[in-house]
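Observations on the model geometry
Each chain is listed here by its residues.
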Amino acid sequence: MSRKISPAELSQHDSPSSLWLAINGLVYNLTAFAPSHPGGLQILLQHAGQDASVPYNKVHSPSLIRTSLSPTAQIGSSDSIQTPVPQIFSSVPTKPPLSTLISPHDFPLAAIPSLTPKATAFISSAATDCLTHRANSSLYSHLTLRPRILINVSTPTTRLVTTILNCPVSSPIFISPTSLGKIIHPSGEKAIALACSNLDMAQTISTSASFTLSEILSGQNTSHPAFLQLYVDKNRVNSERVIEEAVRNGVRAVMVTVDAPVPGKREADERIPTAAGGETLAPMAGTAAAVGDGKGAALGRVMGGYIDDSFSWEDLGWVKGLLPEGVKLVLKGVQTAADAVRAMETGLVDGIVISNHGGRSLDTATGTILVLLELQRCCPGVFDRMEVLIDGGVRRGTDVFKALCLGARGVGVGRGVLWALGGYGREGVERYLEILNDELVTTMKMCGVTSLEELHPGLVNTRAVDHLVPERVGEEHPYAKWRRKSKL
């Protein structure tokens, strides 16, 4: 029988050597867990010896702590515990009806009034000067289409059915991983999953999701493919548990993120304090202030403390060994032809995602569509040996079309999905994806094709950016040969 713990007793356990928290009516001893907490030790100390239900519920599902900790960590209950789930999403009577949104660009405008400033910054922010973030999108506009005419495109339903990582899907568009979905909408990743299930589209679920994989995937169409995005934990045992849970829940691929060994500097997110407008959005956001490191309160940076920055090529065999047959290993964050070739040559990797984290990691990194062109120019063989996916900067169906023509098997979208989620929940995500799919179909017909199998590079003029694409694999500069010499 769980014993009752009084507020006075709870308050005595507020230090690293004895750290208790009350969450949703239960009291947990987090002393052993605290050093490995993904959000850092300091945020736990900020709430140590107290009821942390309100800040916890704003970011995590109620079941997450129960499934993440050993049963022995639950030591009692308290009558004094309050368990409200806070209302962090404002009611906006003037929000336009979902049916009136006809463009992907309509969703941020509709969503922002419903979101807290911190949530808005979390979605929109990118690294430092946001140059890569903008380039990801603007570079698509420099690629022009070459439509063919007088072709019968009267097929009632242009075929978008394809496979991504050998999984049948209804569209080559897939959901890129996005974390902390509950700060955007109470249903978070569960709403995204249901939308993907209804549309039979693929979803990539972040390691930092607000809900457990079983919660996200329960009740879905069993044919709907889900992939796991994995940040490798400094404590490798934790990553092994995550992969084990993913496999148990039917995940079809593990996408290891390799473009963010450390969190990027997202200043728009960092500038907005935890308590903007009087709210306390998320417990992790207070870590920076508690630590006093002067780096702001970016959710991504605070949450990324557990990521293993020693993870290297030599560790891929360890990850591959954890995957049963049929579960694919994918590297997410490839940004050069040299690394695409190296991934191919390992013989361990089934696919890559050309990605720069949506411009959220390293500013002035190359726009992803240019990296796709680099692979075509320098190492076209990778397209035969591995599946090549891409994300970053995709705003329109024409962008999807261009990436597919240039060799991508699937095209990921992330920010747009979050705007749709924040404004309208599952229905918003479905409408956003339906608009993109409809734009893709229209583009295909306008260019004289009726199935994905007919797409080819000749439908896209890339000459405006060809001079930006490297001509060879490797790290050699085309003309600068200087090398730093050590001083004796």
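Rules used throughout
Residues numbered from 1 in each chain as written. Predicted model: local features only at pLDDT ≥ 70, side-chain atom pairs only at ≥ 80, totals over all residues. Heavy atoms only, no water. Buried < 20%, exposed > 50% of the residue type's maximum accessible area, 1.4 Å probe, protein only. Helix = DSSP H or I, 4+ residues; strand = E, 2+ residues; numbered from the N terminus. Pairing = 2+ DSSP bridges. Right-handed = clockwise from strand over helix to strand, strands pointing away. Phe/Tyr/Trp six-rings, centres within 6.5 Å; stacked < 30°, edge-to-face > 60°. Expected span 1.5 Å × (residues − 1). Arc of directions from axis to C-beta. Contact = heavy atoms within 4.5 Å.

1. Quick look at the pairing of strand β15 (residues 410-413)
Alternating residues of β15 divide into G410 and G412 and V411 and V413, and every residue in both groups is buried. For strand β8 (residues 173-175) and β15, the ladder comprises 3 bridges, and the chain directions are parallel. The partner of I173 across the bridge, within β15, is V411. In this structure, strand β14 (residues 387-391) lies alongside β15, joined through 3 bridges in parallel fashion. Bridge assignment links D391 to a residue of β15, and that residue is G412. This β-α-β element, β14 to helix α18 (residues 397-405) to β15, shows right-handed connectivity.

2. Regarding the packing of aromatic side chains
If you walk through the whole model with that rule in mind, you get 1 aromatic pair. On the numbers, 5.4 Å between centres and 90° between planes, the contact of F107 with Y432 is edge-to-face. Within this pair, whereas F107 is found in helix α5 (residues 106-111), its partner Y432 is found in helix α19 (residues 415-446), the two being separated by 325 residues in sequence. Just as F107 is buried, Y432 falls in that class too.

3. Describing helix α10 (residues 236-248)
Relative to the 18 Å expected for 13 residues at 1.5 Å per residue, α10 spans 18 Å between its end C-alpha atoms, a close match to the ideal helical length. Taken as a whole, α10 has its buried residues at N238, S239, I243 and A246. Relative to the axis of α10, the buried residues are bounded by an arc of 135° and lie together on one face. Exposed and oriented more than 90 degrees from the buried face of α10 are R241, E244 and R248. On its buried side, α10 packs onto α9 (213-217), β10 (226-230) and α14 (316-321). Positive backbone phi, at 85°, marks G250, one or two positions downstream of α10.

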